[in-house]
Structure formats: structure tokens, C-alpha cells
Amino acid sequence: MRDKLVDLKDAIAELVRDGDSVVLGACLEPMIPFAATHELIRQGKRDLAMIAPISDASTDMLIGGGCVAKVIGAWVGNVSGGLGHNYRRAAEKRVPRSIAIEDYSNFALGMALTAGAYGMPFAPLRSLLGSDILKSNPRFKVTQNPLVDQPDPVVLVPPLKPDVAVLAVQRADRLGNSHFWGNTGLAQEAALAAERVIVIADEIVETPVILSDPNRILFPAFRVAAVAHVSAGVHPSPMVGAWRRDNDFFADYHARSRDREGFLAWLAEWVLDLPDHAAYRAKLGAGLERLRISGAAPAAAVNYAAD
Amino acid sequence: MRDKLVDLKDAIAELVRDGDSVVLGACLEPMIPFAATHELIRQGKRDLAMIAPISDASTDMLIGGGCVAKVIGAWVGNVSGGLGHNYRRAAEKRVPRSIAIEDYSNFALGMALTAGAYGMPFAPLRSLLGSDILKSNPRFKVTQNPLVDQPDPVVLVPPLKPDVAVLAVQRADRLGNSHFWGNTGLAQEAALAAERVIVIADEIVETPVILSDPNRILFPAFRVAAVAHVSAGVHPSPMVGAWRRDNDFFADYHARSRDREGFLAWLAEWVLDLPDHAAYRAKLGAGLERLRISGAAPAAAVNYAAD
Amino acid sequence: MHGRPEYTTQELMIVAAAREIADGEVVFVGMRLPIMAFGVARLTHAPNAVGLFECGIVRHRPADGMLYTMGDPPNQVGAAWLTGTVQLMGMLQGGRVDIGFIGGAEIDRFGNINSSYIGDFAAPTVKLPGSGGAADIAAMSGRVLAIMNHENHRLVPKVSYVTSVGYLGGAAERAACGLRRGGPAAVITDRAILRPHGPDRELHLASWHPGESAESVSANTGWSLRRLPNAHETPPPGAAELEALHRIDRDGFWRR
Amino acid sequence: MHGRPEYTTQELMIVAAAREIADGEVVFVGMRLPIMAFGVARLTHAPNAVGLFECGIVRHRPADGMLYTMGDPPNQVGAAWLTGTVQLMGMLQGGRVDIGFIGGAEIDRFGNINSSYIGDFAAPTVKLPGSGGAADIAAMSGRVLAIMNHENHRLVPKVSYVTSVGYLGGAAERAACGLRRGGPAAVITDRAILRPHGPDRELHLASWHPGESAESVSANTGWSLRRLPNAHETPPPGAAELEALHRIDRDGFWRR
């Protein structure tokens, strides 16, 4: 297998193109690869369509950074703070630019990615019946269930196939094999539906470590285009077994992004004026170390022996 | 949570009713709970509809035992031997009784169980287009994809919701929490779609062992109706980390089941004349011990700590 | 502050929400306050309740440690299942969930909730974060509990956008759109508890919190709020309930 | 025995199947012989091929140890993914699989395969085990390789039941039924290799195995078998291929 370990900067430069549809983390609140969020902004990517169940403040940052033309999502905001100020400014005042919004619920987004991953022509859903999401997102279509005679309306959700999915994992090897633990959200569906998968690994390990536990793999290496090693690449979101959530960081972002000038100052300080994630970690300094999980809650032993 | 640990005999007696649709193992070749197969035959269950992707010789045994009215499945036979002699006798000569056959492919069955598990009105499939499976199984319906204008036929698969799923796991606690490793086949879909789940655990452990690794759980305890502790309950099929496949046993079954008399003799010897699985294990004796996996191939350590 | 000195209004709301959970029920737990409600229920009258979190977590016992989001590590360690959103929301659609919690910016007299747009969705005056999983939980749970701040502009005659379906224009409309079950069972606010009543399932005043009155609640409701015949003051949290709550809320976040 | 002394016919078939796998391809591997073919390909010219097994296994390197079924423990330990059937078959339907192996009891001149019923399906003379995953692999792989025993009653003008779709009555019919890609690329038998040719994609003789001839193959084929212009003898296994095969087939199962 090909060695896929590259610098995050190169992975983003080569694998994300202006106009791409992009998933940045798909586990809802944890495991969001903010390092990639920052790199997309630093590289000035434009006209992205962000596919997001709930990617906490990541989508809001990208909108404020002017990278986003469209949100294909269920929720954009700041999970502990509530509203996303950049999202509001873009949707309400076209600042820094107008954005299109394709409304989903989390389940509808999950089924759309499932349909994309598994080559389904559509996913049938009962969930959105009656909701105005069917009005504001014209991609959904309500039909009668052809298998029954009595009235039985069904929502058909078209497949979503992201151009790129950037997904964080606890550990990976250089070939794209990786271990993931914690809630999986829509990460598996996103990985299998996406044309190109970029793995952000908190740690790089040897291949036998990964292959020692193949049930711990969430998506196969042959679908992975690149592996980037970024310690704490999910900061300020949490990663079970490795990093706590940096609640203060989210709160500070929320407060400072309330007006455009504040956001731009925040963006300069935490993204644009820093060359890379190593500089970001250095700037966090001891604050980052305080977030490091040092306790032990080991998984019970498992034996895969065949003989 | 309720203590769900019961004797396999009681679980089968109370939770499987004549006429039920039943999944007995859903991982294709490994992890088939043959102990439950035998118990269903011993208790003389009748008119079962067996939902089976590939459950090796288990379905063939039940057909020969006169328990089965219908096969809802993709494959019935003897994986190392080929044809299933009891299946042939029933389908071709109505011996010991006639059976109805609802043909599926493995993927169609998987999507039908997915639809059953997730409350979908149907699952759309491209896979069976052109196949005579669409003729011999009238439950499938071909329609035009309503989301596109050009011709795009889609097969609609109705949901399957088994009355009972019997699933083997390496270890479980008394409450129905369980750990599963190895290929999962359709086990998760079957567990979530079924009305009642019976877990056959090779080992019973304390609850904290299971909850130490919640990603290793394939289906939640609240969907489990009963846990039965049956060591080697999957024999002669394999269980990774615990039991090798007993190839000779399958070959012997294949040879002896070639005619009805031979099958009945086999059935008396290995099922009807034995009171329970403990007696079956005792009869296997040293042969069973030779199948026990004694090597070590440990999964790499994983830390779930939050602090 | 509405409550008596021993508890805050938020604590009262948490306990009121906890009481809606029956033992053994499967609960789709939302963020923040419902997490605490699930915990209190588990530790008091519902020791066999099961909590589902849409990010892919199933828990029996409540998390040790403060949760800012449902995906925080303390909610993962010792979970009873870590899995995907589709698995849990699929089970929800499959009818395996008894009760679900949601919130929103606006709710109307038929329990429809808006968490998407204030104003025209094509040119909103306020862009709210969106459904998340709320639309799914509202449509497919056996019954729904809504948690709201009780203000005139939040409890409105008709929401400008139905993110999460309540009874639409009345219960018959919910059924007519194809939903086979569910709908709001209670709305728990910082002033009162409202419940659907009558064939239309319009929200009525069921109880007002200590410090409030039927009149003060009505005055803060955007429609002409009718009251149930047996409307009464919300019973305050009991000692066992508060003790359970304090055990979970170790940092006193909800006492502030 | 058709082959030369250094290899058996089955070994020749395995090597011929292995040669169909290009480096880096994603292969849906069937039971028995294709498992060995994948292994030989990996160890010789296709070190980056990936093997998918429908029970939910993905492997890079071939299993250590004899496999009686694809789900045997040696195929699990050291796998590159252990997952579910829907995940792998879903990827297959999604167009992520380059090549798939299938077998069956009957195949016809357009590569349609029967593994379900001999005779009328309502009253069969022989009930075969059924599709398993073959119908899916035949419909959705980028291309399909069929492995068959070459006998008159197995290579028939028209199968009595199409379990696994080939080109139906000719390539246009496959497309017309809604399948967007794929179809048989080769049929490897114990006597020959057949390949589709011409606009209808009818199976033609591409090569006969050592010990056979165009005539002997035709005599054992149930339809009037046409041959490709460049039809030739199947090249025997090379030393490296046989060495790779012997490394995997440690018990000599395929040498018997």
C-alpha cells in the first residue's frame, strides 16, 4: 500500500478544491478536525459547500472566513453558546458573502450520506413529514409508498456524495488504516460516501497496531487519500481518551465573534497569523496541556487468535 | 436493569412461538448459534419462517427436523459441502414437508433487515435488476426513481422484522450487554429489526467488562430479551478468539444427511437423544477441546478515559 | 428568580422533566437540561430508563462529570453503547423510542417548534442554528417533551417555520401528513407546564411554577392560553429529587 | 487430470483467476478458489490489491492458514477491516469494487448464471442453495469473473433461472434492465477461459488449458462455442505464481 502520510497543509492544498463539498468531522460535537478548518481558511479556499450534521463552531468559522458558498446541514452554531454569529451575518446580511442553505435534519443528512455511500438512488424517510424543511429544501420529494395501497407518504432524500471528508481518529498508520473509538455520528457514512478522505490522526502508529483490532476500524484504508499527523487537531472539541473539550475557548470564540470586527481579530490571532497547527499548539501552551486526558479507563482485553 | 440470564431451553420455550420468523445467526459462516438450532428441533417448534443470509447447515437441519414452513433467504446449504440435502428434499419432494421459498440475495436481505430495523417503508436497491429473483419473489417491486427524469429502474425491498433473532457473542453480562468481535454480517441489522433478541454468550462476565468498551457492543441491552450462557454454542461453526470451525463435523453431516434415513439417524444421535448442549459437548469430548483456540492475538490497548 | 430558596427555576424544570420519564422507558435525550432530567429520573423513580444521544451514545447510568455537550468524554466512558447516529435515529424511526426531548426558539399553541428561521426562510431576520436532530425526534418519538423559555415572543400563536412538527393545525393534521404516532406530551417552561388537551391537542396550562400564577403565565404567552380543569401549582422538587440532581450537578452549574 | 505434472488443473485455474486481478484493484472475493486467486495475485503482480469478503471482512495480505469458509478465524485475524455485509455490499453497489468472483451450477452463452433452481422455480427438479451474494456481485462489480466446471450440462445455451445477471440476451439487455456497469469479463473453467466478444458480449473461447484443445472444449460446451481470433493455449502457471500458491496452500488442498 502507498505511504499516505503527508503534511496537513499539503493534504488540504492538493485534495480540497474551490467549490468542493466538504465534511469536516461528522461525529456531531466531538472529534471535529479544527486543524483542517483553520488550514482551509489560511489557504483561502472558496465556494465550499459544507456538509455538516453538527460540527460545532467549525462551520461558523469557515463562513466567517469567506470560504463557504453553501451549507448542507442540520445545525450550524456554537454548541455551548447557541447561535453562530458568522452564520447569522451571512444568512441575514450577506456578510462576508451570501450563502445558500440546504436544510436537513440530522437523520435526513445521515440517510443522504448512507445513500451516497451505498449507491442508493435515494433514501426513504418518514421523519420530515409535516416539517417546513420540506419547503425550504426542494431536493426532498414526498411520494406515496408504492408497496402499500392505503395512503402512506414517504420523503425521498437524494444521495449526498461529498467531494472530501476530513475525519479525526485517535490513531492511524501511514497507509491509512486507523482506529476510532467513541460515538461515531455520521463518520462512517461520510467516509464511505466521500470521493476523497483525509484522516487527521492524533497519533501515528505501526500497521500491526491497527490490524490487531480490525473491528476498531471505522472505514477502510483503500478509501483514504491522505493521513495527516496532527496532535490535538480536534482542539477545542474533545477526543475520548486523549483531549477534553476546551469550553472556555468555545465561549471566547462565541463572545468575540459577536461582531465582524471581533471575529476578524479572533481569526487573525488564532488562524491567519499562525503558520500551522504547531504554532497554534504553541500559542495554547499550558492551556492545551491542561486539556490532555491523563487518566486510564482501559478497554477489556480481546483476543483475535485463530489458532 | 433486569437479570436476563436464563437457560437456553427456557429462552427458546418462552420466546420462540410456532409460526415465528426467526434469524439464527446472521454473520454468514461463523458465529451460528447451533445450540439454538438443536433446541428448536428438540422442542418441536413448527411452521417457522427462517430468515437466513447464509447460516451454513443450520437452516438445513431445521428443515429436516420439520420445523420450517418457509425460507426467507439468500442461501441454504452446507458451506463446505455444497447443496443442502434436507433443503433439496423439502423443495423437490416435500419431505418431510413442503416449504415456501422467498428468494433474496445477501444484499437484498441486508437492506430488508435494515429497513425493518430503521422503520423504513422499503429499501431501494439496484442490485437485483435483471435477476429472476424478482420473478420468484413477488415481494420485490420495480419502480422508476421519482427523483430523476431519465429511465432509472429501482427495486423496492419491503422491510423484514423478524419475530426473534438468536445471535452468538463472545461475552455478555446478565443484563444483556455484550461484546462481539469478528465480521458482523447482518447481525446488527437483525438484532435491531427483531422483536425479541436472544443472546447466546460463550462466556458470562461482569457488567463493567462490557461497559469498559462500548464500541465493542453490536446492539444495545435494551433490545435483548434473554441471555443464555452456552459454551461452544456455535459449534461446529467458528468463533474468532474462541473456537475453530469443525470442518469434519460439517462433512460428516453432509455425508450422513444425503438420504432421509441417514439424516434421521444423525439427528437422533446429535440432537434428539441428547437432553441439552452440555450433553452435546460431553459427546464431542476431546474433539471439542481440540477446536478450542488457545493462541493469543490481543487487540491493541484502548483508553476511554475522560479525565 | 421564581423558585423558593432551596432550588432554582432551572432545577425545578429539570425535576419536572424527570418526572415525565417512566421507569424502563427509552429516552431520546437532548442537550443541556434534558441530560440532567434523564439523570435525575434514573437516580430516582426510573432506574431502568435508557438514554439515547443522537451523536451515537446509549447510557444506562448518568455520566460522572459535567457535560457541556452530549459528546463530551464523560458521557462516553461507561456508556452502554457507542455507535452511529443512523443506528439510533433509525431505531427512533422504527418506533423503539418512548420519549424525546427537544427545544427551540419558538413554539406555538399546537406545539410546533421553530429552530430554523425567524421571518421568511428566503430572507430571514434571524437565522437560527437549525433542526439538528429535533425535527426527527419530534416526528418519531412516542411522545415529545419540549423545554422552552416562557416569553411572549417565544410562545406564539403560529410559528413562522415548523422545524419540528407538533400537531400542525390540530392533531388531525399531524396524522394526515403521514406521522403515525407521537406529538408533544408536555411543554416545560421556566414559568409553567403546558399540556395538549382536547381533540385538537391545543396546549393548555397544566401547572404554574411556585411564584407564578395562571395569570402571570397567560400574560407571558403569545396566545390566549386556556387552562386545564385541574390546573394547579407545579409541585416543587422533593428532597430525593434534589439530592439526585446535586449528585449529578457536582459543579452546581444548574444552581446558578 | 488435464494439466502438466507440476500443477493441477485447479492450480492452473487459480493462477488464471489471479492474473485477472490488476494491481491496486478492489476485489470482491468469493469462497474457495477465488480466495486462493486473490492470495496469489497479492503475492505476485498485485501487491496493492484489496480483498473484500461479503461476510464483512477486508484483507490486505492473504490469510495464514487454510480457509474452509471466508469467515474462518484465520481470515479475520490481521484483517484490514471487520465490518458488516451491508457496508461492503453497499460499497459494491456504490461502484467501489473493481472485480468480483462468482460461481454457479449453470452458465449460458451470455454469462448469465443459475445457482437457484434447475427446472421450474415453482416445482424445481433440483433446488440449488441460492444466490448468497452472487446476484449482487454479478450486478454491481466493475467486472465479473465466473469460475465453473466445464461440462455440457453446465455451460448451456440458456439458463433456466437467472440468479446472477450476465448480459441477459445480449449486452444491450443488461443496460436496458437498469444496470449501469459491469458484466462478465471472463469465465474460467477446468478446461478453458471464455471471454465476451462482439456487440452482444457472447462468450467466446479465449484459451484452452494445456491438455485440452479448441475441439475438446467445444465438445463439452452446451452451445456452439465460437473462438476469438487470437485464441491460444492457456499459459501455464509460472514458477513465481506456483511458489506463491504453495505458500498460501500450505496443506496442499488444491494440489490434490
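Residues numbered from 1 in each chain as written. Chains lettered and ligands numbered in written order. Predicted model: local features only at pLDDT ≥ 70, side-chain atom pairs only at ≥ 80, totals over all residues. Heavy atoms only, no water.

*Asks:* Looking at this structure, I do not really get the pairing of strand β12 (residues 196–204) of chain A. What am I missing?
*Replies:* Residue and element names in this part refer to chain A. Within β12, seven of the nine residues are buried, which leaves the element mostly enclosed by the surrounding structure. Both strand β10 (residues 164–172) and β12 contribute to a ladder of eight bridges, which runs parallel. Counted as the bridge partner of Val166 is Ile198 from β12. Bridging between β12 and strand β13 (residues 224–229) involves five bridges; their strand directions are parallel. Looking at the pairing, Ile198 lines up with Ala226 of β13. (Buried < 20%, exposed > 50% of the residue type's maximum accessible area, 1.4 Å probe, protein only. Helix = DSSP H or I, 4+ residues; strand = E, 2+ residues; numbered from the N terminus. Pairing = 2+ DSSP bridges.)

*Asks:* Help me understand the interface of chain B and chain A in this model?
*Replies:* One frequent convention defines the size of an interface as the accessible area lost when the parts assemble. Taken residue by residue, the interface counts 44 residues in chain B and 44 residues in chain A. Taken together, the two surfaces of chain B and chain A that pack against each other cover about 4,000 Å², and 59% of this comes from carbon and sulfur. Taken together, the connections running from chain B to chain A amount to four salt bridges. Notably, a salt bridge pairs Arg244 of chain A with Asp307 of chain B, separated by 3.5 Å at the nearest N-O pair. Our count for the chain B to chain A interface comes out at 29 residue pairs in polar contact (both at pLDDT 80 or more). Listing elements by their share of the side of chain B that touches chain A, those giving two or more residues are β8 (141–144) and β9 (153–157) of chain B. Sort the elements by how many residues they give to the side of chain B that touches chain A and β9 of chain B lands first, with three residues. (Contact = heavy atoms within 4.5 Å. Buried area = accessible area lost by both parts, 1.4 Å probe. Salt bridge = Lys/Arg side-chain N within 4 Å of Asp/Glu carboxyl O. Polar contact = N/O pair within 3.5 Å; in protein donor to acceptor, adjacent residues only side chain to side chain.)

*Asks:* Hey, could you run me through the nonpolar core in this one?
*Replies:* Grouped burial of nonpolar side chains is what soluble globular proteins tend to show. Residues Phe219 of chain A together with Phe219 of chain B are the most contacted members of the largest nonpolar core, which totals 305 residues. Counting residues in hydrophobic clusters, the runner-up holds 52 residues, among them Ala18, Leu145, Ala185 and Ile248 of chain C. (Core = buried A, V, L, I, M, F, W, Y, C linked by side-chain atoms within 4.5 Å.)

*Asks:* What should I look at first to understand the sheet that holds β8 of chain B in this one?
*Replies:* Each strand in a sheet pairs with another by means of backbone hydrogen bonds, the pair being arranged parallel or else antiparallel. All names here are of chain B. Spatial ordering of the open sheet is given by β7-β9-β8, a layout of three strands whose pairing is antiparallel. Each having just a single partner strand, β7 (123–125) and β8 make up the two edges of the open sheet. Recorded for the sheet is a direction-independent mean angle of 40 degrees between the axes of neighbouring strands. Relative to β9, β7 runs antiparallel, the two sharing three bridges. Paired with Ala123 across the two strands is Val157, which belongs to β9. Across the sheet, helix α5 (residues 106–117) lies against β7 and β9, angled at about 160 degrees from β7, the strand it touches most. (Axes fitted to C-alpha atoms, helices over the stretch in contact; angles between N-to-C directions.)

*Asks:* Help me understand the confidence of the model for chain C, please; the structure alone is not making it clear to me.
*Replies:* When pLDDT is low, close inspection of the predicted coordinates is not appropriate. Residue and element names in this part refer to chain C. In this model, chain C carries an average pLDDT of 95, and 98% of its residues clear a pLDDT of 70 or more. Counting contacts from residues 1–5, a segment whose pLDDT is below 50, to residues more than four positions away or on other chains yields 11 contacts. Scored as a complex, the prediction yields pTM 0.98 and ipTM 0.97. (pLDDT = per-residue confidence, 0-100.)

*Asks:* Is there a simple way to think about the relation of the copies chain B and chain A in this case?
*Replies:* Here two copies of a chain appear, and what relates them is a rotation about an axis with a shift along it. Here chain B sits on chain A after a turn of 180 degrees about the axis and a move of 0.0 Å along it, with an RMSD of 0.0 Å. Taken together, the turn and the small shift mark the pair as related by a two-fold rotation axis. A symmetric contact is evident, with 100% of the interface residues of chain B recurring at the interface of chain A. (Least-squares fit on C-alpha atoms with pLDDT ≥ 70 in both.)

*Asks:* Any chance you could explain helix α2 (residues 34–42) of chain A here in plain terms?
*Replies:* Because an α-helix packs 3.6 residues into every turn, residues spaced three or four apart end up facing the same way. Residue and element names in this part refer to chain A. Burial of α2 is extensive: eight of the nine residues sit out of reach of the surface. If you check which residues of α2 are buried, you get Phe34, Ala35, Ala36, Thr37, His38, Glu39, Leu40 and Ile41. Backbone geometry just downstream of α2 places Gly44 in the positive-phi region, at approximately 65 degrees.

*Asks:* How should I be thinking about the interface of chain B and chain D in this particular structure?
*Replies:* Taken together, the contact between chain B and chain D spans 52 residues of the former and 48 residues of the latter. Buried surface at the junction of chain B and chain D, both sides included, amounts to about 3,700 Å², of which 60% is carbon and sulfur. Where chain B meets chain D, there are one salt bridge. There are 25 residue pairs in polar contact (both at pLDDT 80 or more) connecting chain B and chain D.

*Asks:* Any chance you could explain the packing of α5 of chain B against helix α3 (residues 85–93) of chain D here in plain terms?
*Replies:* A packed helix pair is summarised by two numbers, namely the angle formed by the two axes and the spacing between the axes. At their nearest, the axes of α5 of chain B and α3 of chain D sit 10 Å apart, and the two run at 115 degrees to each other. Here α3 of chain D runs roughly perpendicular to α5 of chain B, going by the angle between their axes. In terms of crossing hand, the pair formed by α5 of chain B and α3 of chain D is left-handed. Packed against α5 of chain B, whose contacting residues are Asn106, Phe107, Gly110, Met111 and Thr114 of chain B, the element α3 of chain D presents Val86, Met89, Gly90 and Gln93 of chain D at the interface. Its residues assigned to classes, the contact of α5 of chain B with α3 of chain D comprises four nonpolar, five polar and no charged. (Parallel < 35°, antiparallel > 145°, perpendicular 65-115°, else oblique. Left-handed = near helix turned anticlockwise from the far one by under 90°. Nonpolar A, V, L, I, M, F, W, Y, C, P; charged D, E, K, R; others polar.)

*Asks:* When you look at the sheet that holds strand β7 (residues 113–114) of chain D in this model, what are you seeing that I'm missing?
*Replies:* All names here are of chain D. Reading across the sheet, the three strands line up as β7-β6-β11 and stay open at both edges, with mixed pairing between neighbours. Strand pairing shows two members of the sheet lacking a second neighbour, β7 and β11 (155–156), which therefore form its edges. Taken together, the two bridges between strand β6 (residues 106–108) and β11 define a ladder with parallel strand orientation. Among the inter-strand pairings, Ile107 is bridged to a residue of β11, identified as Leu155.

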